[in-house]
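An overview of the molecular structure
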Amino acid sequence: LRPVRTMTVAPKSSAAMAEFSGEVRPRVETRAGFQVSGRVTQRLVEVGQTVKAGQTLATLDAQDYRLAADAADAGLSAAKVDRDQQRADYRRFEELQHKGFISQADLDRRKASLDAAEARYLQADASARASGNQAGYSALRAPHDAVVIGVDAEVGQVVAAGQSVIRLARIGEKEVLIGI
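Residues numbered from 1 in each chain as written. Predicted model: local features only at pLDDT ≥ 70, side-chain atom pairs only at ≥ 80, totals over all residues. Heavy atoms only, no water.

**Quick word on the packing of aromatic side chains**
In plain terms, the rule: Planes of paired rings set the category: under 30 degrees apart is stacked, over 60 is edge-to-face and the rest tilted, where pairs are Phe, Tyr or Trp rings (Trp by its six-membered ring) whose centres lie within 6.5 Å. Two limits define a charge over a ring: the Lys NZ or Arg CZ must be within 6 Å of the ring centre, and within 35 degrees of the ring normal.
This model, assessed by the stated rule, comprises 0 aromatic pairs. It is Arg110 that lies over the ring of Phe93; its NZ or CZ is 4.1 Å from the centre. Sitting above the plane of the Tyr90 ring, Lys111 keeps its charged end 5.8 Å from the centroid.

**Regarding helix α1 (residues 63-98)**
Inclusion rule: Helix numbers and strand numbers start at the N terminus; a helix is a DSSP run of H or I with at least 4 residues, a strand a run of E with at least 2. What a helix should span is 1.5 Å times the count of its residues minus one. In this scheme, a residue with accessible area under 20% of its type's maximum is buried, one over 50% is exposed, and one in between is partly exposed, where area comes from a 1.4 Å probe on protein chains only. We call two residues contacting when some pair of their heavy atoms lies within 4.5 Å.
The terminal C-alpha atoms of α1 lie 53 Å apart, and with 36 residues this matches the ideal 52 Å at 1.5 Å per residue to within 8%. Of all the positions in α1, only Tyr65, Ala69, Ala72, Leu76, Ala79, Arg83, Gln86, Asp89, Tyr90 and Gln97 are classed as buried. Next to the buried residues of α1 lie α2 (104-136). At the exit of α1 stands Gly100, carrying a positive phi of roughly 85°.

**Quick look at the side chain of Ser138**
Applicable threshold: Within 3.5 Å is the distance limit for a polar contact, defined as a pair of N or O atoms, with the added protein rule that one can donate a hydrogen and the other accept it, and that residues adjacent in sequence qualify only through two side-chain atoms.
Here Ser138 is to be found in the loop between α2 and β6 (139-141). A distance of 2.7 Å separates a polar side-chain atom of Ser138 from the backbone oxygen of Ala135. Setting aside its immediate chain neighbours within four residues, Ser138 contacts Phe34, Val36, Ala58, Thr59, Leu60 and Ala62.

**Observations regarding the pairing of strand β9 (residues 166-170)**
Stated formally: Whether two strands pair comes down to DSSP finding at least two bridges between them.
Judged from the 4 bridges that link them, strand β2 (residues 29-32) and β9 form a sheet pairing that is antiparallel. Bridged to Thr30 within β9 is Leu168. In terms of strand pairing, strand β7 (residues 146-151) meets β9 through 5 bridges, oriented antiparallel. Residue pairing across strands places Val151 opposite Ile166, the latter belonging to β9.

**Structural notes on the side chain of Arg83**
With respect to the helices and strands, the residue Arg83 is situated in helix α1. Exposure remark for Arg83: the relative accessible area of 11% places this residue in the buried category. What Arg83 contacts, discounting residues up to four positions off in sequence, is Leu114, Ala117, Glu118 and Tyr121.

**Quick word on the sheet that holds β2**
Strand order in the open sheet formed by 4 strands is β2-β9-β7-β4, and the pairing between neighbours is antiparallel. Taken across any chain shown, the strands that pair with only one partner, and hence form the sheet edges, are β2 and β4 (50-51).

**Thoughts on the sheet that holds strand β5 (residues 56-60)**
The 4 strands lie next to each other as β6-β5-β3-β8, forming an open sheet whose pairing is antiparallel. Taken across any chain shown, the strands that pair with only one partner, and hence form the sheet edges, are β6 and β8 (158-159). Pairing geometry for β5 and β6, over 3 bridges, is antiparallel. Counted as the bridge partner of Thr59 is Ala139 from β6.

**Notes on the confidence of the model for the chain**
This is how the line gets drawn: Values of pLDDT, ranging from 0 to 100, describe the predictor's confidence in every residue of the model.
Summing up the model confidence of the chain, the mean pLDDT is 90 and the portion of residues at 70 or higher is 98%. Per-element averaging of pLDDT across the chain places strand β1 (residues 22-26) at the bottom with 85 and β5 at the top with 95.

**A closer look at the nonpolar core**
Here is the rule we go by: Residues belong to a common nonpolar core when they are buried Ala, Val, Leu, Ile, Met, Phe, Trp, Tyr or Cys residues joined through side-chain atoms within 4.5 Å.
Judged by nonpolar contacts, the single largest core of 20 residues is most densely connected at Phe34, Val51, Leu57, Ile166 and Leu168. Those elements that place two or more of their residues in this core are β5, β7 and β9. Considering each element in turn, this core owes the most residues, 3 residues, to β5. By size, the runner-up hydrophobic cluster in this structure holds 6 residues, among which are Ala72, Leu76, Ala124 and Ala128.

See below:
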């Protein structure tokens with residue numbers, strides 16, 4: 001066994017008061033950044049401002065993302081037309097095969113073309129949804145109720161995806177750091 005020296009700390013009535021300098025900090029700080037890269041076009045908050053969850057903090061130039069989303073939507077429309085045409089062709093060729101006018105191999109080729117057209121449609125649909133998401137990521141929103149404690153990017157600055165733009169302090173629990 002090792003002897004240990006202990007002391008009980010308790011309030012003591014004393015005329016002497018001690019003052020300590022310290023820092024009050026939030027328990028949880030968030031460094032918010034865009035999920036995509038681009039040029040900052042607006043910063044809508046200032047240091048010290050309270051924000052609500054979902055409130056827009058800053059925006060990027062989303063023109064390129066909107067154009068990409070429009071192109072993906074056009075690709076989806078083209079893939080849908082192609083898929084629908086392949087379905088109609090397959091139904092016609094299926095009837096012709098039942099009547100004996102074409103071989104099973106011809107019908108199988110049409111089925112493969114239909115399957116490929118459906119796969120292209122699914123791919124175009126996923127691409128259109130992803131492009132739409134990218135356009136939506138051009139607005140930086142507060143993840144929770146917070147107070148703005150810092151700004152790391154200004155209007156006109158080009159930021160990378162994930163780069164800190166606004167620093168937020170969650171409203172609620174706080175910590176106090178005091179040097180004793």
